[in-house]
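# Examining the three-dimensional arrangement
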Amino acid sequence: MIDVESELREFEWAKPRWTADKLIAASPFRYDKTPSFMVRLQPYGKYPAGVWTDSGAYDEEWRSGNFVKLLSFLRNETYEETEEYLRTKYMVSADGDIIVVQPKLKVKRYRQALNLTFSQAPVEYLKCRGIDEEVQRMFGVGFDPKSNAVILPWRLPDGRLANVKYRKTYGKAFWYERGGWPIRELLFGMDLIYSKQIRRAAIVEAEIDAMSMWTAGIPAVAVGGSTFNSFKRDVILRSPIEELVIATDNDKPGERLRAEIERELSGMPIGHLRFKCVKDANEALLKHGAYSLKFDGIFQNAIFKQLKVR
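### Focus: the pattern of salt bridges
If you walk through the whole model with that rule in mind, you get 25 salt bridges. Where Lys-69 meets Glu-61, a salt bridge forms, and the shortest distance between an N and an O atom there is 3.0 Å. Residue class for Lys-69 comes out buried when judged on its relative accessible area of 15%. A salt bridge links Arg-178 to Glu-80, with the nearest nitrogen and oxygen atoms 3.4 Å apart. You can see Arg-178 sitting in the loop between strand S9 (174-176) and helix H6 (190-195) and its partner Glu-80 sitting in helix H3 (residues 79-90), a full 98 residues away along the chain. Assessed through its relative accessible area of 46%, Arg-178 is described here as partly exposed. The buried category is assigned to Glu-80, whose relative accessible area is 18%. Each of the salt bridges in this network shares a partner with another, and the network as a whole consists of Glu-124, Lys-127, Glu-133 and Arg-137.

### So, the packing of helix H2 (residues 67-75) against H3
Packed helices, taken two at a time, are described by their axes: the angle between them and the distance between them. Where H2 meets H3, the closest approach of the two axes is 9 Å, and the angle between their N-to-C directions is 105 degrees. The angle between H2 and H3 places the two elements in the roughly perpendicular class. Together, Phe-67, Val-68, Lys-69, Leu-71, Ser-72 and Arg-75 of H2 and Tyr-79, Thr-82, Glu-83, Tyr-85 and Leu-86 of H3 make up the contact between the two elements. Split into classes, the residues belonging to the contact of H2 with H3 amount to six nonpolar, two polar and three charged.

### Things to note about the packing of aromatic side chains
Counting across every chain of the model gives 15 aromatic pairs. Between Tyr-166 and Trp-175, the aromatic rings sit 5.7 Å apart at their centres with planes inclined by 15 degrees, giving stacked as the arrangement. Its relative accessible area of 12% is what places Tyr-166 among the buried residues. For Trp-175, a relative accessible area of 25% translates into the label partly exposed. Between Lys-69 and the ring centre of Trp-62, over which it is positioned, the NZ or CZ distance is 4.4 Å.

Procedures and definitions
- Residues numbered from 1 in each chain as written.
- Predicted model: local features only at pLDDT ≥ 70, side-chain atom pairs only at ≥ 80, totals over all residues.
- Heavy atoms only, no water.
- Salt bridge = Lys/Arg side-chain N within 4 Å of Asp/Glu carboxyl O.
- Buried < 20%, exposed > 50% of the residue type's maximum accessible area, 1.4 Å probe, protein only.
- Helix = DSSP H or I, 4+ residues; strand = E, 2+ residues; numbered from the N terminus.
- Axes fitted to C-alpha atoms, helices over the stretch in contact; angles between N-to-C directions.
- Parallel < 35°, antiparallel > 145°, perpendicular 65-115°, else oblique.
- Contact = heavy atoms within 4.5 Å.
- Nonpolar A, V, L, I, M, F, W, Y, C, P; charged D, E, K, R; others polar.
- Phe/Tyr/Trp six-rings, centres within 6.5 Å; stacked < 30°, edge-to-face > 60°.
- Lys NZ or Arg CZ within 6 Å of the ring centre and 35° of its normal.

Shape descriptors only; they carry no functional weight alone.
Written out as structure tokens, the structure is:
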């Protein structure tokens, strides 16, 4: 059986209250100040452990769901990646038999780029977040009016579409295209590093943080979460990047990510950009302007040359 409580305790919760059979907390999907979110830690009647409800949800899609959907959001990865993670960790018994639990987990599939088209145009939501329209066009962002979500394309180094992240323009909810490439094997913006042959770049957590850095004239890639792994390390080592500045969020997960990146990329020239009094690159851009993101001279032996987006 999946240890739902153990998995959930890996994450930081706002106003959590743990009982023997449930977790009640502020919703992770919204900017919530009240404990309006509940997860079952144990089976309850016909409901398996891991089902959740959000009484203050903005739409029905995010009012309730299964554990895979919740965990994929918390881990910032695709639904399929979370299925694979749970299968690897819990599905094999001592005898080697596959244990089937709800929801049913699928077998690992072949990696392939997406054959997906969507309208690409600057988005007002991103403009309000300080992202320059030219930067938006460079990343090929779009907007899905049906779900009221920004479309953020994740591409392979050669420019092929690997996955798409849909981010609501209100709240925190997001999801990835089903059948897309695993996010754990990608870095947002790496296609631009290749096409522009960037030698020095920053690495941040979220897509909007990466676009914030580019708005300030600083090439950047985004991890897409607060964890780093050997897949992402190898993507960087194979890329044109020779020097890297770590600019993760100003919180505990951000510091853990900073340490992971520095450890995995030991041997590569590393610089550090730390935010003070703001959470991340986007907040720094909005509150203090592009100058606050500059890090010229952060490398002792090489001055970072600002790259014009054009």
